[in-house]
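Geometric and topological summary
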Amino acid sequence: MTNNKKIIVIVPAYNESGHIKEVIREIRANVPVVVDIVIIDDGSVDDTSSRALAAGAFVIQLPYNLGIGGAMQTGYRYAAQQHYDYAVRIDGDGQHDPADISAMLQALLESDRDMFIGSRFLTKEGYQSTWMRKIGIFTLSKLVGLVTGEHVTDPTSGYNVCNKKMIHLFAKQYPTDYPEVESLIMMKQYGCRFAELAVKMKPRASGKSSISSWKSIYYMIKVVLAVLIMRTRKTQKPQRLERSF
């Protein structure tokens, strides 16, 4: 399927000991090619790291909690330094179904896009989130569409696959806090292209979401401000970033 290309699955995890071994097992069971799995333990205070190691994954253990942006940039920096061709991001809480990884990789290989995002809303199957979050997601999808000219139904999805160009771009710079929406704007600024693919998501199997109902309002305000700020920034060409690794 990938013509001997190197593939890495990056799993950010914070206090996910309750389900991390199952996530790793399901990745192994559902991807019919050899992939490397790296768990980015984002300062967990439970035994996430030891359980991940016992399940056969490589673990990068951060000394303290950096948040999803810092955790993912760590993963992309590792992927760039180790010369991976494709990177899959899948969360460690069991919400993303590894059965969709192969289809997402295949879509990336057969297209001219740099990233495919797993969307729960294209077919509206599986877990659809709470009504408050859906309102926020709808609002952000309109914002992303306005700024990028791309139709996006699930801009907050943390389930995606990307190529080497994106690995190097995200290794060099990646938004902090809740980076999913901001990274799409950044991709557009660098002339990169993305698309969505239908996936089925499940309710989180373990751990606790970092975004409560009231934090969703703060998240919305922060993302909108961040997008406005990003629109004023000048960017470098992506090929310059690859020379750093």
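Below you will find a few notes about this structure. (Residues numbered from 1 in each chain as written. Predicted model: local features only at pLDDT ≥ 70, side-chain atom pairs only at ≥ 80, totals over all residues. Heavy atoms only, no water.)

1. Thoughts on helix 6 (residues 164-172)
Turning to helix 6, its buried residues number three or more, namely Met166, Ile167, His168, Leu169, Phe170 and Ala171. Backbone nitrogen of Lys165 and a side-chain oxygen of the N-cap are separated by 3.2 Å at the start of helix 6; the cap is Asn163. (Buried < 20%, exposed > 50% of the residue type's maximum accessible area, 1.4 Å probe, protein only. Helix = DSSP H or I, 4+ residues; strand = E, 2+ residues; numbered from the N terminus. Polar contact = N/O pair within 3.5 Å; in protein donor to acceptor, adjacent residues only side chain to side chain.)

2. Examining the packing of helix 3 (residues 68-81) against helix 6
Contact geometry for helix 3 and helix 6: axes closest at 8 Å, N-to-C directions at 125°. When the axes of helix 3 and helix 6 are compared, the pair comes out oblique. Where helix 3 crosses over helix 6, the handedness of that crossing is left-handed. Here helix 3 contributes Gln73, Tyr76, Arg77, Ala79 and Ala80 to the contact with helix 6, which in turn contributes Ile167, His168, Phe170, Ala171 and Lys172. Of the residues assigned to the contact of helix 3 with helix 6, the class counts are six nonpolar, two polar and two charged. (Axes fitted to C-alpha atoms, helices over the stretch in contact; angles between N-to-C directions. Parallel < 35°, antiparallel > 145°, perpendicular 65-115°, else oblique. Left-handed = near helix turned anticlockwise from the far one by under 90°. Contact = heavy atoms within 4.5 Å. Nonpolar A, V, L, I, M, F, W, Y, C, P; charged D, E, K, R; others polar.)

3. Some words on the side chain of Asp114
The topology assignment puts Asp114 in the loop between helix 4 (101-109) and strand 5 (115-119). Given a relative accessible area of 6%, Asp114 falls into the buried group. Among residues more than four places away in sequence, those in contact with Asp114 are Leu108, Val161, Cys162, Asn163, Lys165, Met166, Met187, Cys192 and Arg193.

4. Regarding the packing of aromatic side chains
Summed over the entire model, instances satisfying the criterion amount to five aromatic pairs. Taking the centre distance of 5.3 Å and the plane angle of 20° together, the rings of Phe58 and Tyr78 count as stacked. Of this pair, Phe58 sits in strand 3 (residues 58-61) while Tyr78 sits in helix 3, placing them 20 residues apart in sequence. Ring centres of Tyr76 and Phe170 lie 5.2 Å apart, and the angle between their planes is 50°; this geometry places the pair in the tilted category. Taken as a pair, Tyr76 in helix 3 and Phe170 in helix 6 lie far apart in primary sequence, 94 residues in all. Look at Tyr76 and you get buried, because its relative accessible area is 1%. Of the aromatic side chains, those joined through ring pairs into one cluster are Phe58, Tyr78 and Tyr84. Cation over ring: Lys6 sits above Tyr84, and NZ or CZ is 4.4 Å from the ring centre. (Phe/Tyr/Trp six-rings, centres within 6.5 Å; stacked < 30°, edge-to-face > 60°. Lys NZ or Arg CZ within 6 Å of the ring centre and 35° of its normal.)

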